[in-house]
Each structure stands twice: as C-alpha cells, then as structure tokens.
Amino acid sequence: MRKEKKIKKDLRILKTQKLLKESLLELLKSNSLKDISVTEICEHALVNRVTFYDHFNNKEDLLNSIIEDIKEDIIKELRKDNSIYDFKKNYRKILEKVINYFDDNKQYFNVSLIDYNNTLLFVSSLYKIFTEYLDETIKSDDIQNAKIMSQFFSGALVSVIFCWVKDDNKIKKEDLLNNICILLEKSFK
C-alpha cells in the first residue's frame, strides 16, 4: 500500500511539472521569457503559485528544466546505439540523429524558442547541450585541444541548426548533414 501512494505522488508531481512546462512553452509562443510572470504561468497551467514554488525556484529554473528535458531526449536518442561515445568516429550517425530530432520537433523549436525574441535562449540552450555532450565524447590526448574543439563544433552546429530551423528547413536535411560532415572531415584531418 505504501509503494502505491509513493507512485501516485510521483505521478502527481510529474503531471504538475508537465503542466507548468507546457504552460511556459505556450506562453513563449507570444512573449519573450522576460515578459512572462510566474503568475501567468500558473494561471495558464491552472496551478497555484505555491505549488509552482514547490517544484521550481523561478521561471528560469522552469526553463532550465525544459532544456534538460530536451538534452535528455537528444541523449536518449543517441544512446539507442553505443555510437555516441566517440564523436570523431561516429559523427555522421550522431549528427543524423540530432538533425532528425530537430526536424521531428521543428514546430516546437520554431514557434516556442525562435520567435518572439527568444533567439538567444534557443542558441544558448543548444550550445549548452552540445558543449556538455562534446566535452564528454571528443577523444583527444590534449585536453585543452579537445575543449577548444568542443566549443568550436558546438558553436558551428548551433548556428547551422538554428538557421535551418528558422528557415523552416529550406535545405533538405540530407544536404545539411552531408555539408556538415564534409566540413567536419576536413577539420579532423
């Protein structure tokens, strides 16, 4: 019986957090983050402010939780095979999965994070995701060189993916993948 109550409580927590996240994402469609208040998020989610603060410290904390969810989704997709642990060796397969993720979720990214002055948010969030991943997966004897490569590739990938999503994928994803891979092959030599 105790275990059952714990599961119900966990489900309620997850449901509340999901409502708050969806509320913020919906509000981001028409406002920038700085213009959205915790009260608006709560009213839109039909959640009490006290409940909000039981789960998150502020709206930035809520947004960071959404970004962590995106990161986990991308990493989960990459972990479906063990290729994610060596970027240099498996970059084509990894990039294909990342591009497919953004293609599958383009409406969410295009509407929620790129429009209405949330561009910096989109770019910084992606950069954080990519640098954390590449810091762990770029293999190099020179730690400083690996860090620079991680930052360089993250910045380049974020810029390319941002423009691709913003331009509503006018470039075919296969062409995008091929062009990125050509540039990476040249830089790895």
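Our structure is the block above this text.
Attention here is on the structure that accompanies the text. Just so you know, these numbers come straight off a predicted model, no measurement behind them. (Residues numbered from 1 in each chain as written. Predicted model: local features only at pLDDT ≥ 70, side-chain atom pairs only at ≥ 80, totals over all residues. Heavy atoms only, no water.)

What follows covers the side chain of Lys-21. Along the chain, Lys-21 falls in helix H1 (residues 2-28). Those residues in contact with Lys-21 that sit more than four places away from it in its chain are Phe-56, Leu-62, Ser-65, Ile-66 and Asp-69. (Helix = DSSP H or I, 4+ residues; strand = E, 2+ residues; numbered from the N terminus. Contact = heavy atoms within 4.5 Å.)

Another point: the pattern of salt bridges. Per the stated rule, a full pass over the model turns up six salt bridges. With a shortest N-O distance of 3.2 Å, Asp-103 and Lys-173 are connected by a salt bridge. Remark: Lys-173 occurs in helix H9 (residues 173-188) and Asp-103 occurs in helix H5 (residues 87-104); sequence separation between them is 70 residues. A relative accessible area of 18% means that Asp-103 is categorised as buried. (Salt bridge = Lys/Arg side-chain N within 4 Å of Asp/Glu carboxyl O. Buried < 20%, exposed > 50% of the residue type's maximum accessible area, 1.4 Å probe, protein only.)

Moving on to the packing of aromatic side chains. The tally for this structure, following the rule as stated, stands at four aromatic pairs. Taken together, a centroid distance of 5.1 Å and an interplanar angle of 85° make the contact between Phe-52 and Tyr-53 edge-to-face. (Phe/Tyr/Trp six-rings, centres within 6.5 Å; stacked < 30°, edge-to-face > 60°.)

Let's shift gears to the nonpolar core. By size, the foremost hydrophobic cluster in this structure holds 53 residues, and its most contacted members are Leu-24, Phe-87, Phe-102 and Phe-130. At the level of elements, H1, helix H2 (38-45), helix H4 (59-78), H5, helix H7 (119-137), helix H8 (143-166) and H9 are the ones that each hand at least two residues to this core. Top element by residues in this core is H8. It accounts for nine residues. When sequence neighbours within four positions are dropped, the list of residues in contact with Phe-130 reads Val-98, Phe-102, Ser-154, Leu-157, Val-158 and Ile-161. (Core = buried A, V, L, I, M, F, W, Y, C linked by side-chain atoms within 4.5 Å.)

Further remarks concern the packing of H5 against H7. As a packed pair, H5 and H7 sit with axes 13 Å apart at the nearest point and diverge in direction by 155°. By the criterion of interaxial angle, the relationship of H5 to H7 is roughly antiparallel. The element H5 and its partner H7 pack so that their crossing is right-handed. Contacts between H5 and H7 involve Phe-87, Ile-94, Val-98 and Phe-102 from the first element and Leu-126, Phe-130, Tyr-133, Leu-134 and Thr-137 from the second. Per-class residue counts for the contact of H5 with H7 are eight nonpolar, one polar and no charged. (Axes fitted to C-alpha atoms, helices over the stretch in contact; angles between N-to-C directions. Parallel < 35°, antiparallel > 145°, perpendicular 65-115°, else oblique. Left-handed = near helix turned anticlockwise from the far one by under 90°. Nonpolar A, V, L, I, M, F, W, Y, C, P; charged D, E, K, R; others polar.)

Along its 20 residues, H4 runs 29 Å from first to last C-alpha, staying within 8% of the 28 Å computed at 1.5 Å per residue. For H4, the N-terminal cap is Asn-58; the gap from its side-chain oxygen to the backbone nitrogen of Glu-60 is 3.1 Å. (Expected span 1.5 Å × (residues − 1). Polar contact = N/O pair within 3.5 Å; in protein donor to acceptor, adjacent residues only side chain to side chain.)

With respect to the helices, strands and loops of the structure, Leu-19 is situated in helix H1. Taking the C-alpha atoms as reference points, Leu-19 and Ile-41, 22 residues apart in sequence, are found 9.3 Å from one another. Residues within four places of Leu-19 in sequence aside, it is in contact with Ala-45 and Val-47.

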